[in-house]
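What follows is each chain in one-letter form.
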Amino acid sequence: MTRLRRVSAREVAVFVRLFATMISAGLPLLQSLNLLARQTGHRYFRNVIRSMASAVESGHTLAGAMRRHSSVFSELAVSMVEAGETAGALDTILGRLSESLEKNHALGRKMRAAVVYPAMIFAVAIPAMVILLVFVVPTFQAMFASAGVPLPLPTRIVIAASEIAKSYWWALLTALAAAVWTIGRLYRTERGRLALDRLALSTPFVGTLLRKAAVARFTRTLGTLVTSGVSILTGLEVTARAAGNRVVYDAVMRSRASIAGGDTIAGPLEASGVFMPMVIRMVEVGEQTGGLDEMLVRIADFYDQEVDSALDALIAAIEPAMILVLGAVVGGMIVAMYLPIFDMIAAVG
């Protein structure tokens, strides 16, 4: 049931793009919503749009109607639409929102694509290793025992691993389940999530990529909100909730407290250690010149390209490394089991 109610980021982005096009073309708000409801293939999303149309027809604002469906529309979308309705520039704001959603969706899609290849390799390699350890190695072990040949160290290691896999598979599965449960439990607590997110950001290669993605998401979200007329305090609060990382969330909320107290945004961002020095300097320049919104969008565009380059480099490095490591493990297991056979053949010869 939950899956049927899940509306993807792509579907929301397409909806907002079509909505912006219709409003820009001069179609009334209610008519646009009804048209979009008929065109939407997702049943739950169609009901959401119809509910929004009914709320608007009853006198509610579009932002108010969207806020009733927080599982579909983010606080970013609601805040921007609210600002657009207040300023009388809903078509312009919807256009900016659609661009922001599309770029954020593209960034998320690229990040997910980076883990697909390693996941596929592991999905094939792990069952192959289990089959070797549980079914193939015992056959060789019985043959070596009947022949009474001395076993070299690599062969003894593989046989020991096979014995562990056969005798203690339940303990291995229990340990794996316990680890997954513990990580999930930690992630539900503030301190645990902060520790795990900090660990992720400090991981070599991956941490750099996550930092750049976090910077791109933060600057684009805040820049889009400020450009659309949302106050900087509200924009920072919305951006913090959309950060997806507790370290970034804390840094942004400290920046919000700083600017509420009359100080700058840049200081707390620099103290967090997440944001690169170039980002801090550009934010400082934006604050001093009064062009913070434009500067944030420029930073987002730059780091979108940086994330693309980093992902390409990471994928290019992962593919041969995965093949090399898994080839060495599986191939090493096979060679280790054939070493005694080579010794037997040499002795007979």
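Since the structure is predicted, the reported quantities are computational estimates derived from the model, not experimental observations.

**Examining the overall build of the chain**
In terms of helices and strands, the chain carries 16 helices and zero strands. Here the C-alpha radius of gyration of the chain, 28 Å, is well above what a compact globule of 349 residues would show, namely 20 Å. If you line up the chain on its principal axes, its C-alpha atoms span 90 × 50 × 35 Å. In the chain, which comprises 349 residues, the share counted as buried stands at 37%. Within the chain, contacts between residues at least 6 apart in sequence are counted, and of these 60% link residues at least 24 apart. Of the roughly 19000 Å² of accessible surface on the chain, 64% is carried by carbon and sulfur atoms. A gap of 8 Å separates the mean positions of the 33 positive and 26 negative side-chain charges of the chain.

**What about the packing of aromatic side chains?**
Under the counting rule described, the total for this entry stands at eight aromatic pairs. Ring geometry for phenylalanine 140 and tyrosine 338: centres 5.4 Å apart, planes at 65°, overall edge-to-face. One end of the pair, phenylalanine 140, is in helix α7 (residues 90-147); the other, tyrosine 338, is in helix α16 (residues 292-348), and 198 residues separate them in sequence. In this structure phenylalanine 140 comes out as buried when scored by relative accessible area, which is 15%. Ring centres of phenylalanine 302 and tyrosine 303 lie 5.0 Å apart, and the angle between their planes is 90°; this geometry places the pair in the edge-to-face category. Given the relative accessible area of 34%, phenylalanine 302 is considered partly exposed. When its relative accessible area of 4% is taken as the criterion, tyrosine 303 is described as buried.

**Observations concerning helix α2 (residues 9-24)**
The terminal C-alpha atoms of α2, which comprises 16 residues, lie 22 Å apart, in line with the 22 Å expected from a rise of 1.5 Å per residue. Regarding α2, the residues found buried are Val12, Ala13, Phe15, Val16, Phe19, Ala20, Met22 and Ile23. Lining the buried residues of α2 we find α3 (29-39), α4 (43-57), α5 (62-67) and α7.

**As for the packing of α7 against helix α11 (residues 206-227)**
Each pair of packed helices gets described by two things: the angle between the helix axes and the distance between those axes. Put simply, α7 and α11 touch, their axes get as near as 10 Å, and they point 170° apart. Viewed along their axes, α7 and α11 adopt a mutual orientation that is roughly antiparallel. Judged by residue contacts, Arg96, Ser100, Lys103, Asn104, Leu107 and Met111 of α7 engage Leu209, Leu210, Ala213, Ala216, Arg217, Arg220, Thr221, Thr224 and Thr227 from α11. For the contact of α7 with α11, the per-class residue count stands at six nonpolar, five polar and four charged.

**Examining helix α12 (residues 232-241)**
Buried residues of α12: Gly235, Leu236, Val238, Thr239 and Ala240, and no others. In this structure, the buried residues of α12 make contact with α6 (75-87), α11 and α13 (246-260).

**Re the nonpolar core**
Ranked by internal contacts, the top residues of the largest apolar core, which has 40 residues, are Phe15, Leu33, Met52, Leu62 and Phe73. Elements supplying a minimum of two residues to this core: α2, α3, α4, α5, α6 and α7. Setting aside chain neighbours within four positions, we find leucine 33 in contact with Phe15, Phe19, Ile49, Met52, Ala53, Val56 and Leu62. Residues Ala216, Val283, Met295 and Tyr303 belong to the second largest nonpolar core, which totals 35 residues.

**Digging into the packing of α6 against α11**
Close contact between α6 and α11 brings their axes to 9 Å; oriented N to C, the two are set at 20°. Here α6 lies roughly parallel to α11, going by the angle between them. As α6 runs across α11, the sense of the crossing is left-handed. Judged by residue contacts, Leu76, Ser79 and Met80 of α6 engage Thr221, Thr224 and Leu225 from α11.

**Concerning the environment of alanine 128**
In this fold, alanine 128 is placed in helix α7. Look at alanine 128 and you get partly exposed, because its relative accessible area is 31%. Put simply, alanine 128 and arginine 298 are 170 residues apart on the chain and 48 Å apart in space, counted from C-alpha to C-alpha.

Parameters at a glance
Residues numbered from 1 in each chain as written. Predicted model: local features only at pLDDT ≥ 70, side-chain atom pairs only at ≥ 80, totals over all residues. Heavy atoms only, no water. Helix = DSSP H or I, 4+ residues; strand = E, 2+ residues; numbered from the N terminus. Rg over C-alpha atoms; globule rule 2.2 N^0.38 Å. Buried < 20%, exposed > 50% of the residue type's maximum accessible area, 1.4 Å probe, protein only. Contact = heavy atoms within 4.5 Å. Areas by Shrake-Rupley, 256 points an atom, 1.4 Å probe, with all protein chains shown as cover. Lys, Arg positive; Asp, Glu negative; His and termini not counted. Charge placed at Lys NZ, Arg CZ, Asp CG, Glu CD. Phe/Tyr/Trp six-rings, centres within 6.5 Å; stacked < 30°, edge-to-face > 60°. Expected span 1.5 Å × (residues − 1). Axes fitted to C-alpha atoms, helices over the stretch in contact; angles between N-to-C directions. Parallel < 35°, antiparallel > 145°, perpendicular 65-115°, else oblique. Nonpolar A, V, L, I, M, F, W, Y, C, P; charged D, E, K, R; others polar. Core = buried A, V, L, I, M, F, W, Y, C linked by side-chain atoms within 4.5 Å. Left-handed = near helix turned anticlockwise from the far one by under 90°.

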